[in-house]
Amino acid sequence: MKASFSIGPGSGFRAAGEGIEQRRHRAKVEEAIRHHLADMVTDDKILVTSGRRALSVPVPEFKEFRIRFDPGLSESVGSLGGVPGEGEGGSQATDSGKGNSTPGGDQLGLDIEEASVSLEEIHQAVFSELELPRLDPEKRLRGVGRDDNPAGLGRHGILTQWDRARTLKAARLRQARGIGPQDGLAQDDLRFRQWEPTHDDIGGAAVMAMMDTSGSMGSFEKYLAKSFFYWTTEFLRQKYPFVDLVFLAHDVRAREVDEESFFHRGASGGTVSSSVYRLALEVVAERFPLKHYNIYAFHFTDGGNLTSDNAQAVEMGRQLQAAVTLFGYGEIHDTERNPSPLYQEFSQMPGAGVVILRGKEDIFQAMTHFFGRSQVEHANG
Amino acid sequence: MLTADTLNRVCDRVFSQVQSLSLEPGHIHFELVPPPTIQALASQGGLPVRYGHWSFGKSRQRLKTSFDFRMTQIYELVINHVPTYAFIDQTATPAQALMMVAHVSAHADYFRHHRGFFRVASDMVSVASRHRRTVEEYRQQFGFYAVESLLDAAHILADFSGDGLTQQSMGSSKTDVLGHVAKIGPRLKDWERQVLAMVWDEARYFWPQQLTRTANEGYATFCHLKMLHEMPMGATESWETAQLHASIVQVTPPRLNPYHLGQMLYAQAFNEGGWGSVFEARDLYEDVGLVRAYLTDELAKAAGLAIFRERDVGSVGRQASSDEIRRQMIQDLDHAGLPRLAIEDMGVELVLRHHYDGRDLDFAQLPFALKSVSQRIWKGPVVILTARQGVPHRVRHDGREFSDQAV
């Protein structure tokens with residue numbers, strides 16, 4: 001018999017769960033994600049996902065390198081698609097064939113694979129290399145530290161907390177009432193200071209996020225600055241739950257704004273950087289004494305500071321640098337041009353970190369520059 | 001959802017056509033499986049069980065993604081084996097199954113008759129599952145990285161495994177780079193030789209299929225169309241099969257659709273000499289031969305063939321004379337579209353000569369490919385003598401550095 005058939009149950013060939021093939025492929029994808037994090041940090045997809053906990057990230061395809069012909073150099077035969085009169089019986093042309101690829105047709109031509117990763121995973125991988133530099137452990141984190149408040153007097157306690165004046169007063173009162181021995185102290189006269197431990201609500205870290213919102217900050221510059229601050233705040237909130245964030249926006253004048261408007265406000269006006277430094281100094285002086293706080297101040301601008309303000313800005317910057325743990329100055333250039341006078345001044349200044357952002361990929365560099373383990377040298381300790 | 005009973009009835013109808021066309025597919029064993037299983041099977045290049053390698057996981061992921069977005073659906077999968085194994089998507093409708101069973105029978109007939117398959121192992125399914133077990137043992141024994149990197153490198157050389165089809169002939173010709181190295185590569189451990197020999201086995205099994213991609217699919221498409229034309233059918237069945245057929249032969253410019261082109265070539269054979277010519281073409285011609293014999297000027301025009309510089313969607317084709325198209329197409333299909341390499345010398349360096357025909361090698365991936373072969377298989381410098389834009393070049397990788405010199 002030249003033709004026969006049989007039909008099996010199909011059960012012997014059920015696709016078992018994940019085999020070694022997929023496990024290894026997945027492992028390679030995850031490895032690639034870790035390697036590509038620097039690029040992903042600026043991916044708009046991540047920036048806009050508030051609330052979503054998992055997202056698809058494009059991972060470049062894993063190429064299997066082979067010895068093949070160069071596809072770009074040589075010509076080959078292809079099809080122009082439907083031509084009238086083709087096919088059996090001279091039927092009319094099929095549709096132009098645009099759109100979906102054919103079922104069972106040629107290869108898919110996908111170059112990108114999508115991998116699903118959770119936001120936590122990305123944060124973890126991005127932030128694992130980062131930390132607040134020069135975090136002074138003496139300035140403890142808020143909520144972790146304890147303080148002792150005087151809570152009154154007691155009749156028992158340790159000798160170091162013996163309150164002599166109150167003991168004497170108690171003794172005199174008792175003697176005046178004519179109770180007990182009239183000379184010397186009775187056991188009941190002893191007074192000891194008592195303390196109650198409380199959580200202190202000062203101390204910790206504070207970040208001054210200063211951004212130039214002048215008219216010269218184009219959407220690209222703002223995008224980079226916001227990306228940097230977005231990742232910075234995410235990073236701080238992950239690793240340091242009690243970080244105070246202060247958002248200062250400035251053009252010719254500086255204002256303290258809330259987070260929402262900081263990230264979404266429009267831009268206009270000129271640039272007077274000294275104004276924002278002065279405001280930051282005021283905020284620091286009022287609310288964040290350096291004795292209790294590690295303070296990080298970052299200023300992002302396009303470098304187009306008003307020329308007449310430069311001298312004052314440098315001076316105020318110097319003061320601010322002295323008043324905080326770390327002062328970071330970032331300049332965003334989308335084109336090649338020389339750094340501004342402010343950049344040059346601050347790069348000479350000990351204790352200040354300076355960085356230039358030219359493209360999306362520089363954001364991660366900037367973060368590593370500012371927060372990388374022992375990357376930034378700064379004084380002020 | 002297709003049941004075994006329905007499929008049984010479908011097979012009965014198709015097999016009466018198979019016999020009246022005097023096709024000889026031998027015994028076909030069908031399995032009804034869900035789409036994920038077909039994807040898993042297809043991701044391994046057409047063997048139900050194969051050694052584990054991440055690239056199969058990659059293609060499975062791709063197939064799954066494109067199925068999830070309904071860009072492609074694999075309805076059937078045929079395995080060249082005695083008996084022929086055929087996997088049918090159980091979500092297909094009975095009418096679609098009608099076409100698929102017809103298509104599958106024609107594939108089986110092709111495997112039994114085309115001369116290229118005569119000496120191919122007919123028990124590859126069990127051979128390959130033995131390979132899987134052995135590779136799994138090696139993985140346990142020598143670590144996954146050692147095995148994986150070896151397979152990565154072996155896959156590069158698998159494209160150059162000569163003309164022999166039986167194990168006895170492994171490494172007997174100069175063009176069998178993989179076989180040669182597996183046999184006498186000086187710094188290979190025994191288990192590594194074993195793995196290379198397994199990859200060689202499977203490469204040889206797939207080789208005739210690579211040479212007859214257009215011919216095989218074209219023959220199956222041509223035959224299923226003939227069978228469906230002859231078969232008594234209801235209106236729904238006619239509509240559904242016509243729809244499925246149309247989607248199979250749909251062309252996405254500038255890609256060639258082997259189903260479409262192949263079917264046209266066999267139709268040309270049929271027009272010239274009836275079933276006698278069709279069967280002769282089936283028995284004798286690989287893709288290249290089929291094009292040489294039946295790509296007429298009219299057919300080239302009707303198929304909308306043109307010459308393209310790039311394969312991207314949206315690129316503009318250049319109208320060319322039929323002779324030029326024929327010549328170009330034969331070059332594209334020759335040797336399954338792979339460069340021809342032959343061993344020149346096996347001393348300290350493994351020297352391979354590229355038979356240069358005017359087409360440059362892809363220098364973007366060449367260094368990586370050579371590095372892998374050098375580090376993992378030859379364990380010494382690997383050299384390719386080739387040319388770039390007609391100028392002889394000597395390309396070398398010693399595992400650390402790549403060099404490319406004009407000679």
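Note on numbering: residues in each chain are counted from 1, in written sequence order. Starting at A for chains and at 1 for ligands, labels are handed out in the order in which the entities are written. Restriction of local features to residues with pLDDT of at least 70 applies here, the model being predicted, together with a cutoff of 80 or more for giving and counting side-chain atom pairs; totals for whole chains, interfaces and linings are based on all residues. Only heavy atoms go into the side-chain values, all of them from the structure, while hydrogens and water stay out.

**Some thoughts on the overall build of chain A**
Phase 1 of the analysis: In this description a helix means any DSSP run of H or I spanning at least four residues, a strand means any run of E spanning at least two, and both kinds are numbered starting from the N terminus. The secondary structure content of chain A amounts to eleven helices and twelve strands.
Phase 2 of the analysis: A buried classification covers 45% of the 381 residues belonging to chain A.
Phase 3 of the analysis: We call two residues in contact whenever any of their non-hydrogen atoms come within 4.5 Å of each other. Taking the intrachain contacts of chain A between residues at least 6 apart in sequence as the baseline, contacts between residues at least 24 apart amount to 79%.
Phase 4 of the analysis: Counting every atom, chain A has about 19400 Å² of accessible surface; 50% of that belongs to carbon and sulfur. Remark: exposure states derive from per-residue accessible area (1.4 Å probe, protein chains only) relative to the maximum for the residue type, with buried under 20%, exposed over 50%, and partly exposed in between. Accessible surface is estimated by sampling points in the Shrake-Rupley manner with a 1.4 Å probe; for residues, cover comes only from the protein chains shown.

**Here's the deal with the pairing of strand β4 (residues 305–308) of chain B**
Phase 1 of the analysis: Burial along β4 of chain B is two-sided: the residues Leu 305 and Ile 307 of chain B and Ala 306 and Phe 308 of chain B are all buried.
Phase 2 of the analysis: Pairing between strand β3 (residues 76–79) of chain A and β4 of chain B: four bridges, direction antiparallel. In the strand pairing of β4 of chain B, Gly 78 of chain A is matched with Ala 306 of chain B. Pairing between strands requires that DSSP locate at least two bridges from one strand to the other.

**Considerations on the interface of chain B and chain A**
Phase 1 of the analysis: On the chain A side, the residues contacting the 105 residues of chain B number 63 residues.
Phase 2 of the analysis: For any pair of parts, buried area is found by adding up, for both, the accessible area (1.4 Å probe) each one loses once the two are put together. Its largest share of buried area at the contact with chain A, chain B owes to Trp 54, Arg 62 and Arg 309 of chain B, together 9% of the area lost on that side.
Phase 3 of the analysis: Think of a salt bridge as a Lys or Arg side-chain nitrogen and an Asp or Glu carboxyl oxygen that are within 4 Å of each other. Taken together, the connections running from chain B to chain A amount to five salt bridges.
Phase 4 of the analysis: The closest approach of N and O atoms between Glu 21 of chain A and Arg 132 of chain B, which form a salt bridge, is 2.8 Å.
Phase 5 of the analysis: Whenever a nitrogen or oxygen atom comes within 3.5 Å of another N or O atom, the pair is scored as a polar contact, on the condition that within protein one atom can donate a hydrogen and the other can accept it, and that pairs from neighbouring residues in sequence are kept only if both atoms are in side chains. At the boundary of chain B and chain A, one finds 23 residue pairs in polar contact (both at pLDDT 80 or more).
Phase 6 of the analysis: Ranked by the residues each element gives to the side of chain B that touches chain A, the list is headed by helix α3 (residues 54–68) of chain B, at nine residues.

**Some thoughts on the nonpolar core**
Residue and element names in this part refer to chain B.
Phase 1 of the analysis: Residues belong to a common nonpolar core when they are buried Ala, Val, Leu, Ile, Met, Phe, Trp, Tyr or Cys residues joined through side-chain atoms within 4.5 Å. Among the nonpolar cores identified, the biggest contains 84 residues, and Val 14, Phe 30, Tyr 219, Met 227, Tyr 266, Leu 295 and Leu 305 are the most heavily contacted of them.
Phase 2 of the analysis: Take this core: its biggest share by element is eleven residues, from helix α4 (residues 94–113).
Phase 3 of the analysis: Listed in part, the 45 residues of the second largest apolar core include Ala 182, Leu 188, Trp 191 and Ile 343.

**Focus on the packing of helix α6 (residues 144–157) of chain B against helix α8 (residues 190–211) of chain B**
Residue and element names in this part refer to chain B.
Phase 1 of the analysis: Between α6 and α8, the least distance of the axes is 10 Å, while the angle of their chain directions is 45 degrees. Classified by the interaxial angle, the pair formed by α6 and α8 is oblique. The crossing of α6 and α8 is right-handed. Judged by residue contacts, Ala 146, Val 147, Leu 150, Leu 151, Ala 154 and His 155 of α6 engage Trp 191, Glu 192, Val 195, Leu 196 and Val 199 from α8. Note on geometry: axes are lines fitted to C-alpha atoms, helical ones only across the stretch in contact, with angles between N-to-C directions running from 0 to 180 degrees. An angle below 35 degrees is read as roughly parallel, one above 145 as roughly antiparallel, one from 65 to 115 as roughly perpendicular, and any other as oblique. Crossing handedness is defined as follows: a turn of the near helix away from the far one that is anticlockwise and smaller than a right angle gives a left-handed crossing, while the clockwise case is right-handed.

**So, the sheet that holds strand β7 (residues 382–388) of chain B**
All names here are of chain B.
Phase 1 of the analysis: Reading across from one edge, β5-β6-β7-β8-β9 is the order of the five strands in this open sheet, with mixed pairing throughout. The sheet terminates laterally at β5 (341–346) and β9 (402–406), the two strands that pair on one side only. Here the strands of the sheet are splayed against their neighbours by 25 degrees on average, with no regard to which way each runs.
Phase 2 of the analysis: Relative to strand β8 (residues 391–397), β7 runs antiparallel, the two being bridged by seven bridges. If you follow Val 383 over to β8, its bridge partner there is Arg 396.

**Let's talk about the packing of aromatic side chains**
Residues and elements named next belong to chain B.
Phase 1 of the analysis: Two rings from Phe, Tyr or Trp (for Trp, the six-membered ring) form a pair when their centres sit within 6.5 Å of each other. Planes less than 30 degrees apart are called stacked, planes more than 60 degrees apart edge-to-face, and all others tilted. Inspection of every chain in the model, using the stated rule, returns 30 aromatic pairs over all chains.
Phase 2 of the analysis: Centroid distance Tyr 110 to Tyr 219: 5.7 Å. Interplanar angle 50 degrees. Geometry classified as tilted. Within this pair, whereas Tyr 110 is found in helix α4, its partner Tyr 219 is found in helix α9 (residues 213–230), the two being separated by 109 residues in sequence.
Phase 3 of the analysis: Taking the relative accessible area as the measure of exposure, Tyr 219 reaches 0% and is therefore buried.
Phase 4 of the analysis: Relative to Tyr 294, the ring of Tyr 285 has its centre 6.3 Å away and its plane inclined at 70 degrees; by these criteria the two rings are edge-to-face.

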